[in-house]
Amino acid sequence: IAMGISGTDISLETSDMILTDDNFSSIVSALEEGRTILDNITKYLTYLLSSNIGELLLIFLTSLLGFPLPLVAIQILWINLVTDGLPALALGVHPPEPDRMKRPPRNNQESILDINVKILITFVVISMVLITLPIFVWYESTQGLVKAQTMVFTTIIMFEMYNSFNCQSVKYSLKKIGFTSNKFLIMSVIASILLHLSIIYVDAFSSIFHVVPLTVYDWIIVIFFSSIAIPAAESGKFLSSRLRKSN
């Protein structure tokens, strides 16, 4: 470690680390910032992977069972590029977790997708498929394909909005973190929902995205079943915490 101000040229050239302000406390600040960045990358990836894997598995299962596609191409693009994008960006600037400096050093050979992330993704993906597949099958048989696709489209988006709050931490319960710890996430969720409402209820957009308006009864089904994302993620976090304690 070399001092950037008072250090000699030789020490600066041969050192592994240069303190530009000649202050050793800067190392602690850098570690805090690095751990926060790594945490937020993990949250960002957990959110996107759990959402995208769930969509892929749903499409795979419906095709395997001989049903029509539950989402058309433009709906998939909208979910991945717009609806997923805003909360993911907000998770990328999530406030630091309070215990970040109490953790032991991380093995730099360890994957960013550790056991906590894998368990959380698994629980979220399974719950998404178990919710959306029956909704699609029932609506497709009773109210037609377009209505069924609209319901699946809307349920997935609302599910992912709930899931974005889950991903504020891959270890700690949402009860501990709370819904209001990230103001950017709240604004991104509101913006995503408003954008989706405009697609459904503005005729110029609904024809492009192959959707139809939903009734109050439809929204009750969507909101109730999509909210299962929270207990599903909480179950995954509980299991991973038990595994950590047993180890």
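Below or above, wherever it landed, is the structure these notes cover.

## A short note on helix α2 (residues 25-64)
So, point 1. With 40 residues, α2 should cover 58 Å at 1.5 Å per step; its first-to-last C-alpha distance of 58 Å lies within 8% of that length.
So, point 2. After α2 finishes, the residue glycine 66 shows a positive phi value of roughly 85°.

## Thoughts on the pattern of salt bridges
In a structure, side chains of opposite charge can pair up when their charged atoms sit close to one another.
So, point 1. Here the structure, examined in full by the defined rule, presents two salt bridges.
So, point 2. Its salt-bridge partner being lysine 43, residue glutamate 97 comes within 3.3 Å of it at the nearest N-O pair. With a gap of 54 residues between them, glutamate 97 in the loop between α4 (85-91) and α5 (115-142) and lysine 43 in helix α2 connect regions that are remote in the sequence.
So, point 3. Note on lysine 43: relative accessible area 2%, which makes it buried.
So, point 4. As a salt-bridge pair, lysine 147 and aspartate 218 come within 3.0 Å of each other at their nearest N and O atoms. Placement of lysine 147 in helix α6 (residues 145-166) and of aspartate 218 in helix α10 (residues 216-226) is noted, with a sequence separation of 71 residues between them. We note that lysine 147, like aspartate 218, is buried.

## Concerning a nonpolar patch on the surface
So, point 1. Residues Tyr44, Leu86, Leu89 and Leu195 make up a contiguous nonpolar surface patch of roughly 320 Å² in combined accessible area.
So, point 2. Mapped onto the secondary structure, leucine 195 falls in helix α8 (residues 183-201).

## So, the packing of aromatic side chains
So, point 1. Here the structure, examined in full by the defined rule, presents four aromatic pairs.
So, point 2. Their ring planes at 85° and their centres at 5.1 Å tell us that phenylalanine 224 and phenylalanine 225 sit as a pair that is edge-to-face.
So, point 3. One residue, lysine 176, lies across the ring of tyrosine 172, its end atom 4.1 Å from the ring centre.

## A closer look at the side chain of aspartate 84
So, point 1. The residue aspartate 84 is located in the loop between α3 (73-83) and α4 in this model.
So, point 2. Nearest to the buried, unbridged aspartate 84 among oppositely charged side chains is lysine 237, at 17 Å.
So, point 3. Not counting the four nearest positions on each side in its chain, aspartate 84 is found in contact with Tyr47, Leu48, Ser51, Asn52, Glu55, Ile79 and Glu160.

## Details of the packing of α2 against α5
So, point 1. The geometry of α2 relative to α5 is characterised by a closest axis approach of 8 Å and an angle of 35° between their N-to-C directions. When the axes of α2 and α5 are compared, the crossing they make is right-handed. Residues Thr42, Thr46, Leu49, Ser50, Ser51, Ile53, Gly54, Glu55, Leu57, Leu58, Leu61 and Thr62 of α2 form the contact with α5, whose own contacting residues are Val117, Leu120, Ile121, Val124, Val125, Met128, Val129, Thr132, Leu133 and Phe136.
So, point 2. The residue inventory of the contact of α2 with α5, partitioned by class, reads 14 nonpolar, seven polar and one charged.

## Brief notes about the layout of surface pockets
So, point 1. In this model, the largest pocket occupies a volume close to 720 Å³.
So, point 2. The wall of the largest pocket is formed by 26 residues, among which Arg103, Arg106, Glu110, Asp114 and Lys171 lie closest to the centre.
So, point 3. Of the residues that constitute the lining of the largest pocket, the class distribution is eight nonpolar, eight polar and 10 charged.
So, point 4. Considering only enclosed or pocket space, the second largest pocket measures out at about 160 Å³ in volume.
So, point 5. Lining of the second largest pocket is provided by His94, Pro95, Pro96, Glu97, Pro98, Gln168, Ser169, Tyr172, Lys176, Ile177 and Ser181.
So, point 6. Considered class by class, the residues forming the lining of the second largest pocket number five nonpolar, four polar and two charged.

Scoring rules and cut-offs
Residues numbered from 1 in each chain as written. Predicted model: local features only at pLDDT ≥ 70, side-chain atom pairs only at ≥ 80, totals over all residues. Heavy atoms only, no water. Helix = DSSP H or I, 4+ residues; strand = E, 2+ residues; numbered from the N terminus. Expected span 1.5 Å × (residues − 1). Salt bridge = Lys/Arg side-chain N within 4 Å of Asp/Glu carboxyl O. Buried < 20%, exposed > 50% of the residue type's maximum accessible area, 1.4 Å probe, protein only. Patch = residues over 30% accessible without salt bridge, like charges linked within 9 Å, V, L, I, M, F, W, Y side chains within 5 Å. Areas by Shrake-Rupley, 256 points an atom, 1.4 Å probe, with all protein chains shown as cover. Phe/Tyr/Trp six-rings, centres within 6.5 Å; stacked < 30°, edge-to-face > 60°. Lys NZ or Arg CZ within 6 Å of the ring centre and 35° of its normal. Lys, Arg positive; Asp, Glu negative; His and termini not counted. Contact = heavy atoms within 4.5 Å. Axes fitted to C-alpha atoms, helices over the stretch in contact; angles between N-to-C directions. Left-handed = near helix turned anticlockwise from the far one by under 90°. Nonpolar A, V, L, I, M, F, W, Y, C, P; charged D, E, K, R; others polar. 1 Å grid on protein atoms, 1.4 Å probe; cavity = no way out; pocket = protein on both sides within 12 Å on 5 of 7 lines; lining within 4 Å. Points joined across faces, edges and corners; volume = space filled by probe spheres on them.

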